[in-house]
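# Fold and contact review
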Amino acid sequence: MKKFALIAAVTLGLCACKNTTQTVGNPLFNGEWYADPEGVVIDSTYWIFPTWSKPFEEQLFLDCFSSKDLATWTKHENIITTAHIPELKEALWAPSAIVKDGKTYLYFSINNVGKKHTIGGICVAVADNPAGPYSPAKIIIQDIINGAQPIDQFVFKDDDGSYYMYYGGWKHCNMMKLGEDMMSFVPFEDGSMVKEVTPENYVEGPFMLKKDGKYYFMWSEGKWREDNYCVAYAIADSPFGPFERVGKILETDPEIGTGAGHHSVMKGPGAEDWYMVYHRHPLGSSDGNHRVTCIDKMIFEEDGTIRPIKMTFEGVTANPF
Ligand code: FUB
């Protein structure tokens, strides 16, 4: 009996220990093909909004995922479909979400504008809950301005309450200022509506965060179907830049995965709980669409620079708020 109790105690002890250091495992979402993951924390819940990474003509819906601890994810299906945006013909890409006054504004692009289609570009829909139901969506940037394809938008809220949208493919990045309704744009102080802020080597996938008064601007470089896809960053004193390239922080690791890029950053409850959410191609995969969503720790060095991400198969430790 004593022996049984001892075995039970040891087993329980081991279980308790395992739970506190449980790693979430990469890739997330059972390895389903999801790319361009936008991670956002909303009301102490982690949310990830990705692209369904299949041939363009099959990309006609968005799913999203929520988690209380990074380990267990709930899938919310079809949050955006052609029912929300009848102009959608293909290539529903790179959603990004932000909450203002309790409403979630979901931005995404449709139709790979500038290639086969002229109608499409960056759209927005709004909902009371991050998983929807979402309002009908509308196209808010369709033109190609400064050579930037209207895709890959990211909305950043600055400390003064301004909301800026950074966006653009085809090696050009623009920024615009959102109006109160989060669906229209207003002029900058100098009267201009659009500023080009393209850093060296930029291709697509902009992301911005502010930490300790500094603006960390990040983007993807290379070709998303190929091994040279990666993420680099700049540190600036203003949301307008200039964004001087510091270096790469995410790239192919031949032992783990290739073509890692189009990332976002989420922050957990602790002061240094920074997570990079990104996609990569599994080792040995030859289909450019075979992109899976992963998460790894992001570390700021004492001098404020970002330590290059170590991609893993384990992912990060579960971290509830
Ligand atoms: O997933 C479609 C496109 O691939 C995205 O818009 C780009 O950033 C690249 O990841």
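Here's what I pulled together on the structure shown here. (Residues numbered from 1 in each chain as written. Predicted model: local features only at pLDDT ≥ 70, side-chain atom pairs only at ≥ 80, totals over all residues. Heavy atoms only, no water.)

## Digging into the overall build of the protein chain
For clarity, the threshold we go by: Numbering goes from the N terminus for both helices and strands, where a helix is a DSSP run of H or I of at least four residues and a strand is a run of E of at least two. Both definitions apply: the radius of gyration is a C-alpha atom measure, and the globule rule equals 2.2 Å times residues to the power 0.38. Under the scheme applied here, a residue whose accessible area is under 20% of the maximum for its type counts as buried, over 50% as exposed, and between as partly exposed, the area being computed with a 1.4 Å probe on protein chains only. The contact criterion used throughout is that any non-hydrogen atoms of two residues lie within 4.5 Å. Residues counted as positive are Lys and Arg, residues counted as negative are Asp and Glu, and His and the chain ends are not counted. In this description, the location of a charge corresponds to atom NZ of lysine, CZ of arginine, CG of aspartate or CD of glutamate.
Along the protein chain, the regular secondary structure elements total one helix and 21 strands. Taken against the 2.2 N^0.38 rule, which gives 20 Å for 321 residues, the C-alpha radius of gyration of the protein chain at 20 Å falls within 12% of a compact globule. Viewed in the frame of its principal axes, the protein chain has a C-alpha envelope of about 80 × 45 × 45 Å. Relative to its 321 residues, the protein chain shows a buried fraction of 55%. Considering only intrachain contacts with a sequence separation of at least 6, the fraction spanning at least 24 residues in the protein chain is 49%. When the 29 positive and 42 negative side-chain charges of the protein chain are each reduced to one mean point, those points stand 4 Å apart.

## A few points about the sheet that holds strand β1 (residues 34–42)
How we decide: At least two bridges found by DSSP between two strands are what make those strands a pair. Interaxial angle, 0 to 180 degrees, is taken between N-to-C directions of lines fitted to C-alpha atoms, where a helix line uses only the stretch in contact.
Taken in spatial order, the four strands make up an open sheet running β1-β2-β3-β4, and their pairing is antiparallel. Sheet topology places β1 and β4 (74–80) at the edges, where each strand pairs with a single neighbour. This sheet shows a mean twist of 25 degrees between the axes of neighbouring strands, independent of strand direction. Across four bridges, the pairing between strand β3 (residues 62–67) and β4 is antiparallel. When the sheet's bridge partners are listed, Leu62 is paired in β4 with Ile80.

## Thoughts on the packing of aromatic side chains
Selection rule: When two rings of Phe, Tyr or Trp (its six-membered ring) have centres within 6.5 Å they constitute a pair, described as stacked for plane angles under 30 degrees, edge-to-face for angles over 60, and tilted for the intermediate range.
Applying the stated rule across the entire model yields 21 aromatic pairs. Relative to Trp73, the ring of Phe29 has its centre 5.6 Å away and its plane inclined at 90 degrees; by these criteria the two rings are edge-to-face. Here the residue Phe29 occupies a position in the loop between α1 (2–20) and β1, and Trp73 occupies one in the loop between β3 and β4, the gap between them amounting to 44 residues. Here Phe29 matches Trp73 in class, with each residue buried. Each ring, one from Trp52 and one from Phe61, has its centre 5.4 Å from the other, and the planes form 40 degrees; the classification is tilted. Comparing Trp52 with Phe61 shows no difference in burial state: the two are buried. One aromatic cluster is present, built from ring pairs that chain together Phe29, Tyr34, Trp52, Phe61, Phe65 and Trp73.

These figures capture arrangement, not role.
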